[in-house]
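For reference, the chains in residue letters:
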Amino acid sequence: MTILENEYLKATIDARGAQLTSIINKQTGVEHLWQANPDIWAYHAPNLFPIVGGLLNNELHVDGKTYNMNRHGFARQSEFLVLEGDNEHAGFSLPYSDHTLEVYPYKFDFQVLYTLIENALRITYKLINRDTQTVYFSVGGHPAFNVPFNSGEAYEDYYLEFEGQEDLHSHLLNSDGQFTGETTLIPLNNKQLHLNRDLFANDALVFKNLKSRLVTIKSTKHDQTLAVEFPHFNYLGIWSKPGADFVCIEPWLGCADKAGEPVDIKEKEAIQKVAVGHVFEASYYVSI
């Protein structure tokens with residue numbers, strides 16, 4: 001495990017998946033990250049690469065060839081190399097290998113970089129093209145934050161506050177995790193989405209046209225907050241296991257397939273690309 005620490009925060013990262021496993025507010029002693037109860041959901045904050053969401057029949061289509069890949073890609077179950085760092089910086093690298101080339105035909109170096117900046121943790125995704133062709137990919141975060149923050153509180157005491165007033169149209173998923181083409185309106189009350197146990201009964205809420213780039217977890221009982229800022233991400237997922245004491249705020253550059261016929265990776269919705277000799281970077285921030 002790699003530990004980052006300053007006067008505000010203590011963060012722990014596992015090289016497996018380059019996954020954040022703990023983020024503690026040192027002023028209050030509160031652990032803000034879900035602790036991966038395997039009986040409910042066995043992740044803390046997986047990093048999603050080279051796809052986000054589910055593929056039709058778990059099949060990735062690239063230039064006429066078909067590759068098998070599970071939901072959210074292989075990075076979250078891969079062992080990363082640990083890069084040089086210090087008390088407030090850590091980096092992790094997943095380079096292409098014979099194993100990755102069997103399921104994803106591109107040569108790359110995918111890096112996840114963590115930096116403490118006062119009371120915020122910056123998470124940066126970096127993709128270096130090591131190939132002789134353009135690399136197509138999706139990438140995203142999936143951090144799960146404990147709700148409630150403190151013992152003796154209720155899940156229903158909490159709400160998500162968006163940066164601005166929004167018409168929240170959630171794009172619906174079928175039982176296999178693909179978009180149906182339908183949407184449903186999620187009502188906001190003065191920029192607030194109040195949490196309740198039924199909110200995620202039909203899977204994640206997926207928003208594709210948000211104006212807000214900041215979502216804050218707040219309580220009606222106190223002034224402790226946790227904010228996720230995602231200036232570089234156009235899609236957002238919000239999810240929890242029904243009945244679980246967490247909420248995921250998930251910045252995405254990419255999304256699941258649409259139900260129907262499969263498409264080549266180049267035609268996937270929200271697909272990203274990095275040209276030969278180029279580097280991609282995108283960051284989001286967790287502030288406490």
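Counting from 1, residues in each chain are numbered in the order their sequence is written. In keeping with the predicted nature of the model, local features appear solely for residues at pLDDT of at least 70, side-chain atom pairs appear and are counted solely at 80 or more, and the whole-chain, interface and lining totals rest on all residues. Excluded from the side-chain calculation are hydrogens and water; included are all heavy atoms of the structure.

Asker: Please explain the layout of surface pockets as it appears in this structure.
Answerer: One simple way to see leftover space: roll a probe sized like a water molecule over the atoms. Space inside and on the surface of the protein is sampled on a 1 Å grid over the protein atoms alone, with a cavity defined as a set of points where a 1.4 Å probe fits but cannot get out and a pocket as an open set with protein on both sides within 12 Å along at least 5 of 7 lines; lining residues have an atom within 4 Å of a point. Grid points are joined across faces, edges and corners, and a volume is the space filled by probe spheres set on the points. A volume near 380 Å³ is recorded for the largest pocket. Lining the largest pocket are 19 residues; nearest its centre among them are R71, H72, H142, D203 and W239. The classification used treats Ala, Val, Leu, Ile, Met, Phe, Trp, Tyr, Cys and Pro as nonpolar, Asp, Glu, Lys and Arg as charged, and all other residues, Gly among them, as polar. Grouping the amino acids of the lining of the largest pocket by side-chain chemistry returns 8 nonpolar, 6 polar and 5 charged.

Asker: Sorry if this is basic, but what is going on with the nonpolar core here?
Answerer: A general trend in soluble globular proteins is that nonpolar side chains are found buried together. Definition of nonpolar core: a set of buried residues of the types Ala, Val, Leu, Ile, Met, Phe, Trp, Tyr and Cys, connected through side-chain atoms within 4.5 Å. Only protein chains enter the accessibility calculation, which uses a 1.4 Å probe. A residue is then buried if its area is under 20% of the maximum for its type, exposed if over 50%, and partly exposed in between. Counting 75 residues, the largest nonpolar core has Y104, F110 and I217 as its most contacted members. Counting from the N terminus, the helices are the DSSP runs of H or I reaching at least four residues and the strands are the DSSP runs of E reaching at least two. Of all the elements, strand 10 (residues 108-117) adds the most residues to this core, at 5 residues. By definition in these notes, contact holds between two residues if any of their heavy atoms fall within 4.5 Å. Residues in contact with F110, not counting those within four places in the same chain, are F49, A75, F80, F92, S93, L94, Y125, K126, L127 and V139. Counting residues in each nonpolar core, the second largest holds 18 residues, with W34, W41, F179 and F246 among its members.

Asker: Looking at this structure, I do not really get the side chain of D131. What am I missing?
Answerer: With respect to the element layout, D131 can be found in the loop between strand 11 (120-129) and strand 12 (135-137). As a buried residue without a salt bridge, D131 has its nearest oppositely charged side chain in K107, at a separation of 5.5 Å. By the criterion applied in these results, polar contacts are pairs of N or O atoms within 3.5 Å in which, for protein atoms, one can donate a hydrogen and the other can accept it, and in which residues neighboring in sequence qualify only through two side-chain atoms. A polar atom in the side chain of D131 sits 3.5 Å from the side chain of Q133. Just so you know, the count uses Lys and Arg for positive and Asp and Glu for negative, and it drops His and the chain ends. Salt bridge, as applied in this entry: a Lys or Arg side-chain nitrogen positioned within 4 Å of an Asp or Glu carboxyl oxygen.

Asker: Please explain the sheet that holds strand 4 (residues 30-31) as it appears in this structure.
Answerer: Two orientations exist for strands paired in a sheet by backbone hydrogen bonds: parallel and antiparallel. At least two DSSP bridges between two strands are required for those strands to pair. The sheet built from 4 strands is open, its strands ordered 1-2-3-4 with antiparallel pairing. Edge positions in the sheet fall to strand 1 (2-5) and strand 4, since each has one partner strand and no second. Of the pairings in the sheet, the one linking strand 2 (residues 9-14) to strand 3 (residues 19-25) comprises 6 bridges and is antiparallel in character. Looking at strand 3, one finds that D14 is bridged to Q19.

Asker: Where do I start with the sheet that holds strand 21 (residues 226-229) in this structure?
Answerer: Read from one edge of the open sheet, 9 strands run 8-9-10-11-25-21-20-15-18, paired in antiparallel fashion. The sheet is open, and its two edges are formed by strand 8 (81-82) and strand 18 (192-194), each paired on a single side. The sheet contact formed by strand 20 (residues 214-219) and strand 21 spans 4 bridges and is antiparallel. Along strand 21, the bridge assignment pairs V215 with V228.

Asker: Explain unusual backbone geometry here, please?
Answerer: What is expected of a backbone is that most residues other than glycine have negative phi and most peptide bonds are trans. The linkage connecting F49 with the following residue, P50, adopts the cis geometry, with an omega of 5 degrees. In this structure, P148 follows V147 across a cis peptide bond, with omega equal to 5 degrees. Among the structural elements, P148 can be located in the loop between strand 14 (144-146) and strand 15 (158-162). Residue D63 is not a glycine yet carries a positive backbone phi of 50 degrees. Note on placement: D63 falls in the loop between strand 6 (59-62) and strand 7 (65-68). Phi at A270 takes a positive value of approximately 65 degrees, unusual for a residue other than glycine. Within the secondary structure, A270 sits in the loop between strand 23 (246-253) and strand 24 (272-274).

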